[in-house]
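# Chains, contacts and geometry: an overview
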Amino acid sequence: MMRHCCATMDDSVPLLSPTTEGSTMGEVSATKSLPAAIYFLILLSAIGGFLFGYDTGVVSGAMILVREDFKLSIEWHELIVSATIAAAMMAALVAGPASDRFGRRPVILCASLVFLAGALVMGAAPEKVTLLVGRIIVGIGIGFASMAVPVYLSEVSPVELRGRITVVNNIFITGGQVISAVVSGIFSEVTMGWRYMLGLAGLPALLQLIGSAFMPESPRWLISRGRDAEAMKVLEKIRPKDADLINEIEVMKAALAEDTNQRGLREVLSSAPVRQALLVGSLLQLFQQISGINTVMYYSASIITMAGITDKSLAIWLSAATSSMNFFGTFLGLWLVERLGRRSLTLGSLLGTMLSLFVMALTFQMAYINSPKVTFPNSDSHECFADSCGVCTSKSSCGYCFMGDQNDILNSTCLATDETSYNEMSVTGWCSNSTLINDGQVTFAYDWCPYKYAWLCIMGLAIYLLCFSPGMGPMPWTINSEIYPGWARATCTSITTSINWTANLVVSLTFLTLTELLLKHGTALIASFVISQGKTRIGIFSCHVINFFCYFYHI
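Residues numbered from 1 in each chain as written. Predicted model: local features only at pLDDT ≥ 70, side-chain atom pairs only at ≥ 80, totals over all residues. Heavy atoms only, no water.

Here the focus is the overall build of the chain. For the chain, the count of helices and strands is 22 helices and three strands. Each of the 555 residues in the chain was classed as buried or not, and the buried ones make up 55%. Of all intrachain contacts in the chain linking residues separated by at least 6 positions in sequence, the fraction that spans at least 24 positions is 78%. (Helix = DSSP H or I, 4+ residues; strand = E, 2+ residues; numbered from the N terminus. Buried < 20%, exposed > 50% of the residue type's maximum accessible area, 1.4 Å probe, protein only. Contact = heavy atoms within 4.5 Å.)

Close reading of the predicted structure is inappropriate where its pLDDT is low. Scored by pLDDT, the chain comes out at a mean of 79, with 84% of its residues at no less than 70. This model gives residues 1-31 a pLDDT under 50, and the stretch forms 73 contacts once residues within four places in sequence are excluded. The low-confidence segment residues 518-555, where pLDDT is below 50, has 78 contacts with residues more than four positions distant or belonging to other chains. (pLDDT = per-residue confidence, 0-100.)

On to the pattern of salt bridges. Summed over all chains, the structure comprises seven salt bridges. Arg 227 is the salt-bridge partner of Glu 230, the closest N and O atoms lying 2.9 Å from each other. One salt bridge in this structure joins Arg 239 and Glu 248, with 2.8 Å as the shortest N-O distance. There is no split in this pair, since Arg 239 and Glu 248 are both buried. Put simply, Asp 100, Arg 104, Glu 155 and Arg 220 are held in one network by salt bridges that share partners. (Salt bridge = Lys/Arg side-chain N within 4 Å of Asp/Glu carboxyl O.)

Note: strand 1 (residues 398-405) against strand 2 (residues 408-416), eight bridges, orientation antiparallel. Across the sheet, the residue bridging to Met 403 is Asn 411, located in strand 2. If you look at the hairpin formed by strand 1 and strand 2, you'll find two residues sitting between the two strands. (Pairing = 2+ DSSP bridges.)

This part takes up the sheet that holds strand 1. Here we have three strands laid out as an open sheet, ordered 2-1-3, and antiparallel in their pairing. Strands at the two margins of the open sheet, each flanked by one partner only, are strand 2 and strand 3 (442-445). On average, each strand axis in the sheet is tilted by 25 degrees relative to the strand beside it, whichever way the strands run. Across four bridges, the pairing between strand 1 and strand 3 is antiparallel. Its bridge partner lying in strand 3, Met 403 is registered against Val 442. (Axes fitted to C-alpha atoms, helices over the stretch in contact; angles between N-to-C directions.)

Right, let's talk about the state of the cysteines for a bit. Taken as a whole and judged by the stated rule, the model has four disulfides. Covalent S-S linkage joins Cys 384 and Cys 398, the inter-sulfur distance amounting to 2.1 Å. The sign of the -90 degrees torsion about the S-S bond sets the Cys 384-Cys 398 disulfide as left-handed. Here Cys 384 is found in the loop between helix 16 (342-369) and helix 17 (389-393), whereas its partner Cys 398 is found in strand 1, with 14 residues between them in sequence. Take Cys 384 and Cys 398: they sit in the same class, and that class is buried. Each sulfur in the disulfide pair Cys 389 and Cys 449 lies 2.1 Å from the other. Because the sign of the S-S torsion sets the handedness, a value of about -105 degrees for the bond joining Cys 389 and Cys 449 places this disulfide among the left-handed ones. (Disulfide = S-S within 2.5 Å.)

Structural data, given as structure tokens:
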């Protein structure tokens, strides 16, 4: 029903405003030759998306090294990761009104400047508090860019290319995540390599800062301020010579007139069909984050080490390989969306995400059940008394100490961890001797167990990203831009975006704590169960909403 409804909508239907006409992904239109200036603007502004992706991706590899250098606790690890999200959420609330008042270009310029400052602070951070401040500064830049860049791209793009060009921002985000993972791998064996990982974000920020000096203001914003002559000059530079610029300006004015008729939350909630649409949009944004995508991006290297990959550099490179699935899956979504339709692609993506999380949970469960035995139980410590590695590492204050190779363990015991060494050593016993550990004579496993099927977890992680990225990645944003009538779009979009940021913050702030309380397989099972509920509810509600709009607008 979703594909039929959306495919037959007339451009005059108020369900889609003039600002979103032709913005569906995959739309093909005969286009005239565009001047090089428009491609320059698209590339330059999309760097903001690249910076967004780079920051979300680089923290995964960098934090493995940072936590050891700064002796971070789990709480500090979560705080440093999540501070950026909290700052971005607050900055996004400011960026919207700021871009309306001062223009899109100044906000993008400010985002670049803030990104640059944050990268320098993070790269030079002497201790964890300064690093936290740097993460907050970068979060402000992300919040500004996440609001201003998509709007600017949409407003400078020709209407027939608007959908595909706006998707460029999402491609740059996922591309930034892949590049950051590769950079993390390159510097993973360099002394204080995390400083280079975090500090290199300043280079594209500097490039965008310099380029912003040559960026024109959005013609739509200029028209909203009555500066039609300036808007015409901008359009003359970024449109074909024979384009009907006068008509385009009139269309913009009509769209701006419609925007002045926006109504508030009370009117939205008093309308039953819009209320149902808002529920679908909110659920989509909620389950996008509850499914754990940003947690996977922030903690992918940590998840891989939990599966039993002890070499930090290898874990970071494997994280880079799995992150590439997210990038390639974005292109898969562009190819599938008009062939399967929004609803089918979203529900199929949810199903694949749920099954891949179940595979990861099953892998961690198998590792727990089949974990190596403890040959010398620690009778001196009641808290660390355990008969297997799984039981031992499930206790936050204990670790599994063993001699020999992972596939041929000679002797083992369960010992209390030394928090001052970020749980890399034990307080007593064989694994309290750093010389034995560095020489490889003993190994101390804090939050993992030797497991020969660790590759299953990595496979589940890769499948998860490949299933998530085509559907649940872009579709919540795409569907939210299409299912509201013009008078309610601004209010509903702001509500659903806030839900997305809030859920992102809560999930990233609690992931490591949940893996301690519920164990790794318990956390993955809960995520899989929640997604299964989301699949059912989104499917039911989306049918009601689409059926209503198709009936109401006689589609």
